[in-house]
Amino acid sequence: MNKTAQIIQKKKKTILENWMSNQLSDQALRDDLISNEDLHKQSEELLNGLARAMATGNVDNIYAAEYEPVTEIISDISVTRARQGFSPRETGLYVLSLKQAIADTLEQELAGQHEQLYKEVTLVSRLLDSLSVITFETFIKGREEVILRQSDEISEISTPVIKVWDGILALPIIGTLDSARTQVVMENLLQEIVNTGSNIAILDISGVPAVDSLVAQHLMKTVSATRLMGAECIISGIRAEIAQTIVHLGIDLSNIKTKASLASALQLAFSMNKIEVKSNARNANFGLRR
Amino acid sequence: MERIPILKMGPFLLVTIQVDLYDRLALNLENDLITMVSKTGARGVLIDISAVSIVDSFMGRILGNIASMSRIMDAETVVVGMQPAVAITLVELGLTLQGVHTALDVEKGMDLLHDKIGPDQLQEQDEEEGPDDRTE
């Protein structure tokens, strides 16, 4: 067992106190996100793990089996921190402030033995640097998971298939249409056509910010697939600027039924399905006039 | 040799494909179907592919061929019950089956054929069967 490991084991309490006071005095402390007790518990756990790992004699290979508990603890901490909304700086400083605390303790313990002190401090430095790299990796991974989940949620939320009438489905598309979205939209729509036995689908694109040739191609693919299933597709919600871009880009939508508003598309769908919608008010008026 | 049965229903021919089509079978079907059309003078062909879960470009082409051939022989083709995955695959392959009529299920496909052929040709059958079902 080398010197540092002995000192850390012996002076664990002092180091923890130092570390805590370092963290607490730091401006970046987020006591709104984590309570001091929790922080204390977390820190103690990490330090204990580290001391135990160093006691095995391995002090430079952080990827060895002895360090697994430590990396596990640190990954856990960083992932939770990423989810709680800590900034990268705050997460990084958490580990780096431990380095300061250990170095301070070593300095006191090894006063006068400069060579030894230098060696031990570099050793601890290297170890904790690798630890902070792991912290960062997992922190970013945690953040990416959050982003991934959110984009999943967005694509799920934004493609509802609504049954507006017996045999008529409406699909309001909100946001940009890319290949992945088109795939989801298409699958949802086709599945819903099978489930409800509808023969008309209205694709409302009033929520699509821009239509370029790629988006138009995706729309046409959806229309073709719907047609293959045996249902008709109407595209509605075409705004003036979208009509302009479509014509300027030379996209041919002539074999697709298009309508300006969802209302007119619904009207077309009614007439295609031979459904008549009558207003009751007119009869009432007639009654009053007479 | 495995064969897909072709049923005659009045002026229409009904084919339900219950197995996954391999090339040989598809070619035989094309051949048999066209022979049947010419023999019976059918006015419409209805192909039910609701049990088909895998298609390739060849199968898509066969369907297109059947439709074109039937058209020449004055019969309309309706493909019914295509699975969503199959529809997506065909579209991704660029096969939109222009000239083939489609419907959701056999019932709707029959209605469509009745509409396409026109009432005058079906007069005799309708009189036997009672009122026209298109008036619903």
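What you are looking at is a predicted structure, and each value in this text was computed from that prediction instead of being measured.

1. Here's the deal with the sheet that holds strand β1 (residues 6–9) of chain B
Residues and elements named next belong to chain B.
Move 1: Judged by pairing direction, the sheet is mixed, and its five strands sit side by side in the order β1-β2-β3-β4-β5 without closing on themselves. The open sheet has two edge strands with one neighbour each: β1 and β5 (101–103). Across the sheet, the mean angle from the axis of one strand to that of its neighbour is 25°, orientation sign disregarded.
Move 2: Where strand β2 (residues 12–16) and strand β3 (residues 44–48) come together, five bridges link them in parallel fashion.

2. Here's the deal with the confidence of the model for chain B
Reading predicted coordinates in detail is not appropriate for stretches of low pLDDT.
Residues and elements named next belong to chain B.
Move 1: Across chain B, pLDDT averages 83, with 86% of residues at or above 70.
Move 2: Every residue in residues 132–136 scores below 50 in pLDDT, and together they form five contacts with partners more than four places removed in sequence or on other chains.
Move 3: ipTM for the predicted complex: 0.75, alongside a pTM of 0.62.

3. What about the pairing of β1(B)?
Move 1: Pairing of β1(B) with β2(B) involves four bridges; the strand directions are antiparallel. Paired with B:Ile6 across the two strands is B:Val15, which belongs to β2(B).

4. Overview of the interface of chain A and chain B
Move 1: Contact residues are listed per partner, giving 15 residues for chain A and 13 residues for chain B.
Move 2: Sorting elements by how many residues they give to the side of chain A that touches chain B places helix α8 (residues 213–229) of chain A first, with six residues.
Move 3: When grouped by side-chain class, the residues that make up the side of chain A that touches chain B number seven nonpolar, five polar and three charged.

5. Let's talk about the nonpolar core
Across soluble globular proteins, nonpolar side chains have a tendency to be buried as a group.
Move 1: Formed by 69 residues in total, the largest nonpolar core has its most connected members in A:Ala201, A:Ile202 and B:Ala87.
Move 2: Counting residues per element, this core draws most heavily on α8(A), which supplies seven residues.
Move 3: Excluding its chain neighbours within four sequence positions, the residues that come into contact with A:Ala201 are A:Leu169, A:Leu171, A:Leu189, A:Ile193, A:Thr226, A:Ala231 and A:Cys233.
Move 4: With 26 residues, the next largest nonpolar core counts A:Ala53, A:Met54, A:Leu98 and A:Leu131 among its residues.

6. Topic: the sheet that holds strand β2 (residues 168–174) of chain A
Residue and element names in this part refer to chain A.
Move 1: Here five strands make up an open sheet; going across it, the order is β1-β2-β3-β4-β5 and the pairing mixed. The open sheet has two free edges, formed respectively by β1 (162–165) and β5 (257–258), since each of these has just one partner strand.
Move 2: Pairing between β1 and β2: three bridges, direction antiparallel. Bridging from a neighbouring strand, Ile162 pairs with Ala170 of β2.
Move 3: Running at roughly 165° to β2, helix α7 (residues 179–196) makes contact with β1, β2 and β3 (200–207) of the sheet.
Move 4: The strands touched by helix α10 (residues 262–272) within the sheet are β1, β2, β3, β4 (232–236) and β5, with β3 carrying the most contacts at an inclination of about 175°.

7. Section: helix α3 (residues 36–55) of chain A
All names here are of chain A.
Move 1: Over its 20 residues, α3 extends 28 Å from the first C-alpha to the last, a length consistent with the 28 Å expected when each residue adds 1.5 Å.
Move 2: Buried within α3 are the following residues: Ser43, Leu46, Leu47, Leu50, Ala53 and Met54. All buried residues of α3 lie within an arc of 125° about the axis, which places them on one face of the element. Turned more than 90 degrees away from the buried face of α3, the exposed residues are Glu37, Asp38 and Lys41.
Move 3: Contact partners of the buried residues in α3: α1 (3–10), α2 (12–25) and α4 (68–84).
Move 4: Taken from the residues just after α3, Gly57 is the one with a positive phi, measuring 100°.

Calculation rules
Residues numbered from 1 in each chain as written. Chains lettered and ligands numbered in written order. Predicted model: local features only at pLDDT ≥ 70, side-chain atom pairs only at ≥ 80, totals over all residues. Pairing = 2+ DSSP bridges. Helix = DSSP H or I, 4+ residues; strand = E, 2+ residues; numbered from the N terminus. Axes fitted to C-alpha atoms, helices over the stretch in contact; angles between N-to-C directions. pLDDT = per-residue confidence, 0-100. Contact = placed C-beta atoms within 7 Å. Nonpolar A, V, L, I, M, F, W, Y, C, P; charged D, E, K, R; others polar. Core = buried A, V, L, I, M, F, W, Y, C linked by C-beta atoms within 7 Å. Buried ≥ 20, exposed ≤ 12 C-beta atoms within 10 Å, placed from the backbone. Expected span 1.5 Å × (residues − 1). Arc of directions from axis to C-beta.

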